[in-house]
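Topology and contacts: notes
If you want the building blocks of each chain, they are given just below.
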Amino acid sequence: MEQTRLQRIALSLAVCGLAVAHADCADACTNFLISKGATADGSTMITYSADSHELYGELYYEPPGRNRTDTMVDVYEWDTGKYLGQIAQVAETYSVVGNMNEHQVAIGETTFGGREELVNPKAIVDYGSLMYLALARAKTAREAIKVMTDLVAEYGYASAGESFSISDPKEVWILEMIGKGPDNPKGALWVARRIPDGYVSAHANQSRIRKFPLNDKKNTLYAKDVISFARGKGWFEGADSEFSFADAYVPMDYGALRFCEARVWSMFRRVAPSQKISPEWAMGNPKAKPLPLWIKPDKKLTVRDVQELMRDHFEDSPMYLGTGIGAGPYKMPYRWRPMQWKHKGKEYIHERATSTQQTGFSFVAQSRGWLPDPIGGILWFGVDDTYMTVYVPMYCGITEAPRAFAVGTADFKTFSWDSAWWVFNFVANWTYSRYSDMIKDVQIVQREIEGEFQARLPEVDATAVKLYKAAPETARSFLTRYSAEQTEKTVTRWRKLGEQLLVKYLDGNVRDEKGGITHPAYPEDWYKAIVEESGDFFEWRNIPGAPPPPTH
């Protein structure tokens, strides 16, 4: 049988040695959802950071297809490459670049797990396959929801609980889904809600849909048994109108609040500071008022605003990671795993921010309805840590992935200067060693490159539209070359940045603007911490007649 795109993706993960169980993916991804009325230009946007310590970041591409409907599609689990079974093929499939198709439909996800007894080992379609099957088969967000829910109705849902972000040029939806357990091989329990125009939402590994209207098909869709199933299990009592999907299927714990809802809170407080949203819920107080599913931002957001939202360490909040002994002398806002640890019989945690070291890839998917689809959809794509990545424009009409991002250029186990993922990891991991100094150098180049993308965007769009009117395929070729050229320029510049950082910060020294070696002292609070810990052990003691303390 011809190898399907799902099989190629699964095999690429398997080659990388990726065998990520849901337990390993927990608290792993972050999505933001921006409705058309909440953006400065009238586009829609969703974001996705695919976070896993074993995920090699690459850009999948699948061309459109005309298919025989008497054939079957092999389904392989996205996380592990495990073969799950077969589903029926459809007559036409659309081209897909990353997580956006040629009709500007985009999909992202975060895993929330939920009740373990609802995992269905007999099912055929996992959450990753659902995303990419829907992208290949749907022209709108609503169609994508129908494709996904129809597939699980026929073949069962093979993953733990999941939140999906789904967008097109007009609408943005959040879909939450969980299985029905091994005794119910087909079907799934799900609710989908449209983000109201002018509002934004977010999810980060915790179910966010609580109560929902039962008779509003324009804005809310749900499985017919989503309430009765919970009632039958004894997980819900009361009137249907009081039913909460999250409370029934994803019982809350401290980690769900502190690790997951905290990221949502941080996004909300950044886009709507005037609302002064309390951090109590995010700080783990189950008696606090839950965060709303969506909020209205103080101002309309640009794509640059949304990219910056993906770069968050809880700055200017009680949870900021860049202070205290854990941040080290150079104020690094990261903590290596494990996130939970014990001391003298008590359990403690490290915060889980949106920006994290283990990101494989991330994107901001922007759908612009006033332009032809191949030009209107842009997947602003980056690899590795969101704080130190560069979001490069991948137009949804391109016909192949740029080499530095493409599947097969490299893998998780083998370093390559040809791989964007490895180049960005090289710079990031060196930057972690002297973060507070090096990050300034990184951000200068990052903002320079991303600023140039934005400045050139109107010109590139206009050229593509002119070509599209004469010959659509010529426009696609132009956009393919443009995205490839920008990728190569970015990776080349990032390699050079890595070399410059190595030279400038070699051996703990810092070169000045003229290339001279300097020895900047540790921050004063770090010296204070050393003295408080060690007392007078390191104190200089003058010996009568001896020279003053030397410098080395």
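The structure under discussion appears in the preceding block.
So, how was this worked out
Residues numbered from 1 in each chain as written. Predicted model: local features only at pLDDT ≥ 70, side-chain atom pairs only at ≥ 80, totals over all residues. Heavy atoms only, no water. Helix = DSSP H or I, 4+ residues; strand = E, 2+ residues; numbered from the N terminus. Rg over C-alpha atoms; globule rule 2.2 N^0.38 Å. Buried < 20%, exposed > 50% of the residue type's maximum accessible area, 1.4 Å probe, protein only. Contact = heavy atoms within 4.5 Å. Lys, Arg positive; Asp, Glu negative; His and termini not counted. Charge placed at Lys NZ, Arg CZ, Asp CG, Glu CD. Salt bridge = Lys/Arg side-chain N within 4 Å of Asp/Glu carboxyl O. Pairing = 2+ DSSP bridges. 1 Å grid on protein atoms, 1.4 Å probe; cavity = no way out; pocket = protein on both sides within 12 Å on 5 of 7 lines; lining within 4 Å. Points joined across faces, edges and corners; volume = space filled by probe spheres on them. Nonpolar A, V, L, I, M, F, W, Y, C, P; charged D, E, K, R; others polar. Phe/Tyr/Trp six-rings, centres within 6.5 Å; stacked < 30°, edge-to-face > 60°. Lys NZ or Arg CZ within 6 Å of the ring centre and 35° of its normal.

**A word on the overall build of the protein**
Looking only at helices and strands, one finds 13 helices and 23 strands in the protein. Relative to its length of 552 residues, the protein is compact, with a C-alpha radius of gyration of 25 Å against a globular reference of 24 Å. Along the first, second and third principal axes, the C-alpha atoms of the protein reach 95 × 60 × 45 Å. The burial tally for the protein puts 57% of its 552 residues in the buried class. In the protein, once contacts between residues fewer than 6 apart in sequence are set aside, the share between residues at least 24 apart is 72%. Within the protein, the 70 negative side-chain charges are centred at a point lying 4 Å from the centre of the 64 positive side-chain charges.

**So, the environment of Gly322**
Position of Gly322 relative to the elements: it lies in the loop between helix H8 (303–309) and strand S17 (340–343). On the basis of relative accessibility, which here comes to 3%, the residue Gly322 falls in the buried class. Between the C-alpha atom of Gly322 and that of Thr47, which follows or precedes it by 275 residues, the distance is 24 Å. Setting aside chain neighbours within four positions, we find Gly322 in contact with Ala327, Lys331, Met332 and Pro333.

**Describing the pattern of salt bridges**
Applying the stated rule across the entire model yields 29 salt bridges. When the shortest N-O distance is used, the salt bridge between Glu92 and Arg66 registers 3.8 Å. A residue pair is termed long-range when its members are at least 10 positions apart, and Glu92 in strand S7 (residues 92–93) and Arg66 in strand S4 (residues 65–66) qualify at 26 residues. With a relative accessible area of 72%, Arg66 lands in the exposed category. Asp461 is the salt-bridge partner of Arg368, the closest N and O atoms lying 2.7 Å from each other. One end of the pair, Arg368, is in the loop between strand S19 (359–367) and helix H9 (373–376); the other, Asp461, is in helix H11 (residues 435–470), with 93 residues separating them in the sequence. Owing to a relative accessible area of 10%, Asp461 belongs among the buried residues under this scheme.

**Some thoughts on unusual backbone geometry**
Following Arg337, the chain continues into Pro338 via a peptide bond in cis, with omega recorded as 5°. Within the fold, Pro338 resides in the loop between H8 and S17. Non-glycine residue Asp507 carries a positive phi angle of around 60°. Counting through the fold element by element, Asp507 comes out in the loop between helix H12 (472–504) and strand S22 (510–511).

**Topic: the pairing of strand S13 (residues 189–194)**
Taken across its six residues, S13 has six buried, putting it largely inside the fold. Residues Leu189, Val191 and Arg193 line one face of S13 and the alternating positions Trp190, Ala192 and Arg194 line the opposite face, and both faces are buried. Relative to S13, strand S12 (residues 172–178) runs antiparallel, the two sharing six bridges. Across the sheet, Trp173 pairs through a bridge with Arg194, a residue of S13. Bridge count for S13 against strand S15 (residues 220–222) is three bridges, and the pairing is antiparallel. Counterpart to Val191 in the pairing with S15 is Tyr222.

**Details of the sheet that holds S19**
Read across the open sheet, the seven strands follow the order S16-S14-S1-S2-S19-S20-S21; overall the sheet is antiparallel. Both edges of this open sheet fall to strand S16 (294–295) and strand S21 (392–395), since each of them pairs with a single strand only. Pairing analysis gives seven bridges linking S19 to strand S20 (residues 377–383), with the strands arranged antiparallel. The residue of S20 that forms the bridge with Gln366 is Ile378.

**Quick notes on empty space enclosed by the protein**
Scanning the model with the defined rule gives five cavities of 30 Å³ or more in all. Roughly 50 Å³ of volume is contained in the second largest cavity. The class makeup of the residues in the lining of the second largest cavity is four nonpolar, three polar and four charged.

**Observations concerning the packing of aromatic side chains**
Counting across every chain of the model gives 30 aromatic pairs. With a centroid separation of 5.9 Å and an interplanar angle of 80°, the aromatic rings of Tyr522 and Tyr527 are classed as edge-to-face. According to the relative accessible area criterion, Tyr527 is partly exposed, its value standing at 34%. Taken together, the ring pairs connect Tyr48, Tyr60, Trp78, Tyr127, Tyr132, Phe361, Phe363, Phe381 and Phe405 into an aromatic cluster. Above the ring of Trp235, the side-chain terminus of Arg115 is found at 4.0 Å from the ring centroid. A cation sits over an aromatic face here: Lys296 above Tyr199, 5.4 Å from the ring centre.

Keep in mind these numbers describe shape, not what the thing actually does.
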